[in-house]
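Summary of structural features
If you want the building blocks of each chain, they are given just below.
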Amino acid sequence: MSDEKKIQVLPFHAVNEFMREDYRLDVLQEVFSALDQCTPMQKQLILRMFSKNVTVPGFRNSGLAPLSIKIKNSPSLFERSHDFAANIMECWSNLHPELKSAMHTLLIEQGWVLEPLEADRSLLPGFQIDWPKTDHFESLIKAIQAAHPELKESDDNISLMAVWVGNKLPYNLYSEDENKAE
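Residues numbered from 1 in each chain as written. Predicted model: local features only at pLDDT ≥ 70, side-chain atom pairs only at ≥ 80, totals over all residues. Heavy atoms only, no water.

When helices and strands are counted, the chain shows nine helices and three strands. Counting helices and strands in the order they occur from the N terminus, the chain gives β-α-α-α-α-α-α-β-α-α-β-α. In summary, the chain has a C-alpha radius of gyration of 17 Å against a globular reference of 16 Å for 182 residues, a match within 12%. Taking the principal axes of the C-alpha coordinates as reference, the chain spans close to 60 × 45 × 25 Å. Here the chain holds 182 residues, and 44% of them are scored as buried. Expressed as a percentage of contacts within the chain between residues at least 6 apart in sequence, the contacts between residues at least 24 apart total 73%. For the chain, the exposed surface amounts to about 10400 Å²; the carbon and sulfur share of it is 52%. Of the charged side chains in the chain, 18 are positive and 27 negative; the average position of the first set lies 8 Å away from that of the second. (Helix = DSSP H or I, 4+ residues; strand = E, 2+ residues; numbered from the N terminus. Rg over C-alpha atoms; globule rule 2.2 N^0.38 Å. Buried < 20%, exposed > 50% of the residue type's maximum accessible area, 1.4 Å probe, protein only. Contact = heavy atoms within 4.5 Å. Areas by Shrake-Rupley, 256 points an atom, 1.4 Å probe, with all protein chains shown as cover. Lys, Arg positive; Asp, Glu negative; His and termini not counted. Charge placed at Lys NZ, Arg CZ, Asp CG, Glu CD.)

Rendered as structure tokens:
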């Protein structure tokens, strides 16, 4: 067991360190507006976590609050809850199936070892922290846009999909030469 390499992970809500506030709100709005397109389990989990952890004045059950109020009150839960962030991002990724598939293919071509495309990444323990230096967001965005010009996704969406599909945060950047030396 001592020969096995230990993998360090960060909780899923650590993604907040890499997201702008306005984009986080866009993701939450997109997911809450399309909850019926998420799996029934994801919808149930998201609404249950919201109801349990967010107090909305005037509502005994905050899950019954209007959509705009849920969206407005969700960022703080996304910022502090591993499970809520994981389920929001899993549902969000499934709302972008073409981008998810394209990113999965690109990252495999780049040599990343990934979970299967269909895997529910919200069940993983968190984000791995090792990220190849050569695969910075700008290069991944350009590669997706060049390979799939029909995709009309924002740079932020492409970057978040790289993080989610790759199950990595660019916390500990490394080059292949450094990796081989270890």
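This paragraph deals with the packing of helix 7 (residues 137–147) against helix 8 (residues 155–166). Running from N to C, helix 7 and helix 8 cross one another at 105°; their axes reach a closest spacing of 9 Å. When the axes of helix 7 and helix 8 are compared, the pair comes out roughly perpendicular. Contact residues: Phe-137, Leu-140, Ile-141, Ile-144 and Gln-145 in helix 7; Asp-155, Ile-158, Ser-159, Ala-162 and Val-163 in helix 8. Considered class by class, the residues forming the contact of helix 7 with helix 8 number seven nonpolar, two polar and one charged. (Axes fitted to C-alpha atoms, helices over the stretch in contact; angles between N-to-C directions. Parallel < 35°, antiparallel > 145°, perpendicular 65-115°, else oblique. Nonpolar A, V, L, I, M, F, W, Y, C, P; charged D, E, K, R; others polar.)

On to the pattern of salt bridges, then. Counted under the stated rule, the structure contains five salt bridges. Ionic pairing is found between Asp-156 and Arg-20, a salt bridge with its closest N-O pair at 2.9 Å. Of this pair, Asp-156 sits in helix 8 while Arg-20 sits in the loop between strand 1 (9–10) and helix 1 (21–33), placing them 136 residues apart in sequence. Judged by its relative accessible area of 44%, Arg-20 falls in the partly exposed class. With a closest N to O distance of 3.3 Å, Glu-79 and Arg-24 form a salt bridge. Here the residue Glu-79 occupies a position in helix 4 (residues 75–80), and Arg-24 occupies one in helix 1, the gap between them amounting to 55 residues. The partly exposed category is assigned to Glu-79, whose relative accessible area is 37%. Look at Arg-24 and you get buried, because its relative accessible area is 6%. One network of salt bridges, with partners in common, ties together Arg-20, Asp-22 and Asp-156. (Salt bridge = Lys/Arg side-chain N within 4 Å of Asp/Glu carboxyl O.)

No statement about biological role is implied by the geometric values presented.
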